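Residue-level structural notes
In case you want the letters, here they are:
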Amino acid sequence: MPELTRRHALAAAAAVAATVAVAPQATAHDHHSPDTFDEVYKGRRIQGRPATGGGHHHGADYAVFIDGVELHLMRNADGSWISVVSHYDPVPTPKAAARAAVDELQGAALLPFPASPAN
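Note that the coordinates shown come from a computational prediction; the quantities given were computed from them, not determined experimentally.

Procedures and definitions
Residues numbered from 1 in each chain as written. Predicted model: local features only at pLDDT ≥ 70, side-chain atom pairs only at ≥ 80, totals over all residues. Heavy atoms only, no water. Helix = DSSP H or I, 4+ residues; strand = E, 2+ residues; numbered from the N terminus. Buried < 20%, exposed > 50% of the residue type's maximum accessible area, 1.4 Å probe, protein only. Contact = heavy atoms within 4.5 Å. Areas by Shrake-Rupley, 256 points an atom, 1.4 Å probe, with all protein chains shown as cover. Pairing = 2+ DSSP bridges. Axes fitted to C-alpha atoms, helices over the stretch in contact; angles between N-to-C directions. Expected span 1.5 Å × (residues − 1).

Quick notes on the overall build of the protein
In terms of regular secondary structure, the protein is built from two helices and seven strands. The proportion of buried residues among the 119 residues of the protein is 29%. Sequence-distant contacts, at least 24 apart, represent 40% of the contacts inside the protein between residues at least 6 apart. Accessible area of the protein: about 8100 Å², with a carbon and sulfur share of 59%.

Okay, structure coming up:
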C-alpha cells in the first residue's frame, strides 16, 4: 500500500471540500415553479403564479402582480429572485420579492414596466 504523503492528503481534502461546496448549489438550481399565492400584504394585493406567455419573465416562468400590475421579476443563477423594485436585494421566493417590493414602494403605486421596442 502506498504511503500517504502530505501532497496526497491535501489533494484528497481539496477534492472533498470541492464536492461539499458544489452539492448545495445543485439543489439551488431546482427549476420547479414556486407555489401560487394570493394575499393582502400591508394593504396591497400581491399575487404570484406560473407565467403564461407574454410579459417580462427573464427565464423565470413565473409572474408576480401588485394590485394587478405586473412586477418585473428575475431569477438569479443561484435560485434567488430579484425585482425591478428591489434589484439589489435577492430573496428566496417570488412571494418574498413581492413583499420586498411593497416595502420599498412605501404606498406608492407600482407602474407598469415598459415593453422593449421590437427590433
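Additional details are given in the paragraphs that follow.
A closer look at the sheet that holds strand β1 (residues 37–41)
Ordered in space as β1-β2-β4-β5, the four strands form an open sheet in which the pairing is antiparallel. Of all strands in the sheet, those bounded by a partner on one side alone are β1 and β5 (69–71). When the angles between neighbouring strand axes are averaged without regard to direction, this sheet yields 25°. Against the sheet, helix α2 (residues 94–105) contacts β1, β2 (44–50), β4 (62–66) and β5, and its axis sits at roughly 25° relative to β1.

Examining α2
Here α2 contains twelve residues, and its C-alpha end-to-end distance of 16 Å stays within 8% of the 16 Å for a straight helix at 1.5 Å per residue. Next to the buried residues of α2 lie β1, β2, β4, β5, β6 (73–75) and β7 (81–83). Q106, located one to two residues past α2, shows a positive phi value of around 50°.

Comments concerning the environment of P112
Relative to the helices and strands, P112 is located in the segment after α2. Residues P112 and V69, spaced 43 residues apart in sequence, show a C-alpha to C-alpha distance of 6.2 Å.

Topic: the pairing of β4
In terms of residue burial, β4 counts as a mostly covered element, since five of its five residues are buried. Looking at chain direction, β2 and β4 are connected through five bridges and run antiparallel. Looking across to β4, one finds that G48 is bridged to V64. By the bridge criterion, three bridges tie β4 to β5 in an arrangement that is antiparallel. The residue bridging F65 from the neighbouring strand is E70, located in β5. Once β4 ends, the chain turns through two residues before running back antiparallel as β5, passing D67 with a positive phi of about 50°.

Some thoughts on unusual backbone geometry
Within the chain, K42 stands out as a residue other than glycine whose phi angle is a positive 50°. Locating K42 in the fold gives a position in the loop between β1 and β2. One non-glycine residue, D67, lies in the positive phi region at around 50°. Mapping D67 onto the fold places it in the loop between β4 and β5.

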